[in-house]
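Chain residues, written in single-letter form:
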Amino acid sequence: MTPRVLRTRNFVKDAVSLILETGREAIARSGMFRLGLAGGSTPRAVYKALASCADDLPWECVQITFGDERCVPADNPDSNFHMAFEALLCRVPLPVGNVFQIQGHIDPNEAAAQCEAQLAAVAKRMGEPIYRHDLLLLGLGEDGHTASLFPGSPALEETQRLVVATTGPKPPPQRVTFTYPLLNASRKVAFLLNDPKKESVLEAALRGEFPSGKVRPTDGEVVWLVGS
Ligand code: 6PG
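Just so it is clear, the structure is predicted and the values come from calculations on it, not from any experiment. (Residues numbered from 1 in each chain as written. Predicted model: local features only at pLDDT ≥ 70, side-chain atom pairs only at ≥ 80, totals over all residues. Heavy atoms only, no water.)

Colleague: Residues and numbers for the sheet that holds strand β2 (residues 33–37), please.
Modeller: In a beta sheet, neighbouring strands are held together by backbone hydrogen bonds and run either parallel or antiparallel to one another. The strand order across the open sheet built from six strands is β1-β9-β8-β5-β2-β3, with neighbouring strands paired in parallel fashion. On the outer flanks of this sheet lie β1 (4–8) and β3 (62–66), each paired with one strand and no other. Across the sheet, the axes of successive neighbouring strands diverge by a mean angle of 20°, strand direction being ignored. (Pairing = 2+ DSSP bridges. Helix = DSSP H or I, 4+ residues; strand = E, 2+ residues; numbered from the N terminus. Axes fitted to C-alpha atoms, helices over the stretch in contact; angles between N-to-C directions.)

Colleague: Pulling in residues and values, what's your account of the side chain of Lys188?
Modeller: Tracing the chain through its elements places Lys188 in strand β8 (residues 188–193). The buried category is assigned to Lys188, whose relative accessible area is 10%. Those residues within four positions of Lys188 in sequence are excluded, and the remaining contacts are Thr22, His133, Asp134, Leu135, Leu136 and Glu221. (Buried < 20%, exposed > 50% of the residue type's maximum accessible area, 1.4 Å probe, protein only. Contact = heavy atoms within 4.5 Å.)

Colleague: Hey, could you go over helix α1 (residues 11–30) for me, with residue numbers and the actual values?
Modeller: The end-to-end C-alpha distance of α1, which contains 20 residues, comes to 28 Å, matching closely the 28 Å that a straight helix rising 1.5 Å per residue would cover. The complete set of buried residues in α1 reads Phe11, Ala15, Val16, Leu18, Ile19, Leu20, Thr22, Gly23, Ala26 and Ile27. Buried residues along α1 sit in contact with β1, β2, α2 (43–52), β5 (135–138), β8 and β9 (221–227). Downstream of α1 by a residue or two, Gly31 has a phi angle that is positive, lying close to 85°. (Expected span 1.5 Å × (residues − 1).)

Right, here's the structure in full:
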């Protein structure tokens, strides 16, 4: 399916609407909303705005995952969990068991295996071969990476593992990331982009270039929400 590009002057508002609309559809369909959070800095404003309209979602039905994590303690400002916790997770009535945090302070391979096991348990309960996100939020790096799938990384070639330890040029270098098999099992992937300097990278990704351009859900759609 060809990616949809939605350009907006109301980036945060439209991102929140996309999340809420997809969440309501998912909960009506399955009783659950499986939402994967992007890291980096772009999503912070979206998560804060989502928290401010927390009453619009039954958070007990929401399951949170993280597309990638930096291998630092959860209280480290570089942690993607730390950013999402401060902006969203500590502000909404989300049961602790609904957050599948990637443990940044332990051995990266062990953290990846732990996350994989959590996702596999849910997939088994749902009768799915692979955990299926209802909505997976992703960012776009200036080198075309997404999650922690960086150009030239061996993680790009992974076809079996769903979550792996990896390294990248963007500090902190040691990371844990979702792989294409997991990303491409999503019902919907939404890239959040709010930086005009990345326009050329966006165009390349839309041509299928870079790691970000190779996110192609098997039975799902890709949306690019682009702030202007
Ligand atoms: C990370 C992210 C990464 C991020 C992009 C964009 O851990 O850094 O997962 O993929 O989404 O690098 O980052 P910004 O939103 O900060 O530009």
